[in-house]
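# Observations on the three-dimensional arrangement
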Amino acid sequence: METRAAHPEIEADRRADRKTWFYFGCFLFASFLVESLSDQHLLNRIGDPYPNLPWLSQATSHCVILALTPFITFMLSRFPLSAGQWRTNLLVHAAATILFSVAHILAMVALRKLLTPIVFGIPYDFGLSNVSIWLYEYRKDVLSYSLIAAIFWMNRLVEQRALDSRVAQRDATDLHRLTLKSGGRSYFVTASDIVWAKAAGNYVEVVTLGKTYLARLTLTELSGLLDAAGGRHVRVHRSHIVNLDRVSEILPTGEGDVTLRLDTGDEVPGSRRYRAQFEPERAA
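The following paragraphs examine the structure supplied in this document.

### So, the sheet that holds strand S10 (residues 267-270)
Reading across from one edge, S8-S9-S10 is the order of the three strands in this open sheet, with antiparallel pairing throughout. Since the sheet does not close on itself, it has two edges, and those belong to strand S8 (247-254) and S10, each with one partner. Each adjacent strand pair in this sheet contributes to an overall mean axis angle of 25°, direction not counted. Bridge analysis of S8 against strand S9 (residues 257-262) gives six bridges, and the strand direction is antiparallel.

Pasting the structure below:
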């Protein structure tokens, strides 16, 4: 029977989750130690006869949270917090915190009722009939759910960005085209069609003969893609890239800086720091 390969984006999320599980496990264990020691110290100060009880209480709580974490990662996959969907899906996650909290409380209490008499020889009463206790635990569980979701979501974003970079690099090398993400869409632009580009904060303004794109990448990333695509594009300024095939005139402006006039009529500043790249004969 033929097996279908997983979608690259799904595989990227799985890779991110595998990495995140290790760090999250370390964080959860550290949280268990800190909270147990803090509670134990407090009970010792007030002379409580069972100062070691927090170790069991915190162990049951943290273990249940660990067991419920796959529910959160499932919700992130089923209802992603991506652009265009996050408002609706955020409401779904808000409702999911209620399920998460109820499951956490019931499982935690069940384990404590089972283990406390065995370990300490005393009964355990949580007070499930007290609404205020449920609300108190729910406030903490909302924070736990949000923190866990944020950790996994951010690591997925990092892995997805790395996947996008690999795909863009492959397209540049094999197809001599660039994939530009702009306004929630992906545009495929032939490298030779790019006339010049300018850094614009966290974006790059990419100018072609027919259209200008505000792409979500850095000028350094764009330069690397253009090199991979075999274009005649060079850095002429810390914030500008130019297609050398479009340069019709270089005008000095003083102190080694220049203005590059293009065959489109555009003018782009050139810095003396980069003159060796667009005037190689001067470097010689």
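Next comes the rest of the account.
### Brief notes about helix H1 (residues 8-45)
A rise of 1.5 Å per residue sets the reference length of H1, with its 38 residues, at 56 Å; its end C-alpha atoms lie 55 Å apart and thus fit the reference within 8%. Maximal helix bending in H1 amounts to about 25°, located at Thr20. Those residues of H1 that fall on the buried side of the exposure criterion are Ala12, Asp13, Ala16, Asp17, Thr20, Phe24, Leu28, Ser31, Phe32, Ser36, Gln40 and Leu43. Its buried side turned inward, H1 meets helix H2 (53-78) and helix H4 (131-175). Directly beyond the C-terminal end of H1, a positive phi value near 75° is found at Gly47.

### Side note on the side chain of Ser101
The residue Ser101 is located in helix H3 (residues 86-120) in this model. For Ser101, a relative accessible area of 3% puts it in the buried group.

### Details of the packing of H3 against H4
Between H3 and H4, whose axes approach to 9 Å, the crossing angle comes to 120°. Our classification of the angle between H3 and H4 gives oblique. Every pair of crossing elements has a handedness; the one defined by H3 and H4 is right-handed. Residues His93, Ala94, Ala96, Thr97, Ile98, Phe100, Ser101, Val102, His104, Ile105, Leu106 and Met108 of H3 form the contact with H4, whose own contacting residues are Trp134, Glu137, Tyr138, Asp141, Val142, Ser144 and Tyr145.

### A few points about the state of the cysteines
Throughout the structure, instances matching the rule amount to zero disulfides. Free of any disulfide, Cys26 has its nearest cysteine sulfur in Cys63, 15 Å distant. Since its relative accessible area comes to 43%, Cys26 is described here as partly exposed. A relative accessible area of 51% places Cys63 in the exposed class.

### Structural notes on the packing of aromatic side chains
As enumerated under the stated definition, the model contains nine aromatic pairs in all. Taking 6.2 Å as the distance between ring centres and 75° as the angle between the ring planes, the aromatic pair formed by Trp21 and Phe24 counts as edge-to-face. Of this pair, Trp21 and Phe24 both sit in helix H1, separated by three residues, roughly a single helical turn. Considering the side-chain rings of Phe22 and Tyr23, the 5.4 Å spacing of their centres and the 75° angle between planes classify their relative orientation as edge-to-face. Following the ring pairs from residue to residue traces out a cluster consisting of Trp21, Phe24 and Phe152. The ring of Phe79 has Arg78 lying over it, and the distance from NZ or CZ to the ring centre is 4.9 Å. Here the basic side chain of Arg177 rests over the ring of Phe188, its NZ or CZ set 4.1 Å away from the ring centre.

### Points about a nonpolar patch on the surface
Together, Ile98, Val102, Leu106 and Leu128 make up a nonpolar patch on the protein surface, roughly 310 Å² of accessible area in all. By the element assignment, Val102 lies in helix H3.

### Topic: the sheet that holds strand S6 (residues 233-237)
Across the sheet, which stays open at both edges, the five strands sit in the order S5-S4-S3-S7-S6 with antiparallel pairing between neighbours. At either margin of the open sheet sits one strand with a lone partner, and together these are strand S5 (212-215) and S6. Strand-to-strand, the axes of this sheet are offset by a mean angle of 20°, without reference to chain direction. In this sheet, strand S7 (residues 240-243) lies alongside S6 in antiparallel orientation, the contact comprising four bridges. In the sheet register, Val234 faces S7, and the bridge partner there is Val242.

Conventions used here
- Along every chain, residues carry numbers that run from 1 in the direction the sequence is written.
- The predicted nature of this model means local features are confined to residues of pLDDT at least 70 and side-chain atom pairs, given and counted, to a pLDDT of 80 or more, with totals for whole chains, interfaces and linings taken over all residues.
- Side-chain calculation: all heavy atoms of the structure are included, whereas hydrogens and water are not.
- When DSSP finds at least two bridges between two strands, those strands are taken to pair.
- Secondary structure elements are defined from DSSP: runs of H or I of at least 4 residues count as helices, runs of E of at least 2 residues count as strands, and each element is numbered from the N terminus.
- As a rule, the C-alpha atoms of each element are fitted with a line to give its axis, helices using only the stretch in contact, and angles between N-to-C directions run from 0 to 180 degrees.
- Multiplying one less than the number of residues by 1.5 Å gives the expected span of a helix.
- To get the bend at a given residue, fit one axis to the seven residues ending there, fit another to the seven starting there, and take the angle between those axes.
- When accessible area is computed with a 1.4 Å probe and restricted to protein chains, residues below 20% of their type maximum are described as buried, those above 50% as exposed, and intermediate ones as partly exposed.
- Any two residues whose heavy atoms approach within 4.5 Å at even a single point are treated as in contact.
- Oblique is the label for any angle not under 35 degrees, not over 145, and not in the 65 to 115 range, which are roughly parallel, roughly antiparallel and roughly perpendicular in turn.
- Two helices that cross are described as forming a left-handed crossing if the nearer one is turned anticlockwise from the farther one by less than a right angle, and a right-handed crossing if clockwise.
- Two cysteine sulfur atoms form a disulfide, by the criterion used here, when they sit within 2.5 Å.
- Each aromatic pair joins two rings of Phe, Tyr and Trp (for Trp, the six-membered one) with centres within 6.5 Å, and gets the label stacked for planes under 30 degrees apart, edge-to-face for over 60, and tilted for any other angle.
- The criterion for a charge sitting over a ring is simple: Lys NZ or Arg CZ within 6 Å of the ring centre, and within 35 degrees of the ring normal.
- What makes a patch is a set of residues exposed beyond 30% relative accessible area and free of salt bridges, joined within 9 Å when like-charged and within 5 Å when nonpolar (Val, Leu, Ile, Met, Phe, Trp, Tyr).
- Computed with the Shrake-Rupley method and a 1.4 Å probe, the accessible areas treat only the protein chains shown as cover for residues.
- By convention in these notes, a salt bridge is any Lys or Arg side-chain nitrogen within 4 Å of a carboxyl oxygen on Asp or Glu.

Bear in mind that shape data such as this cannot, by itself, settle questions of function.
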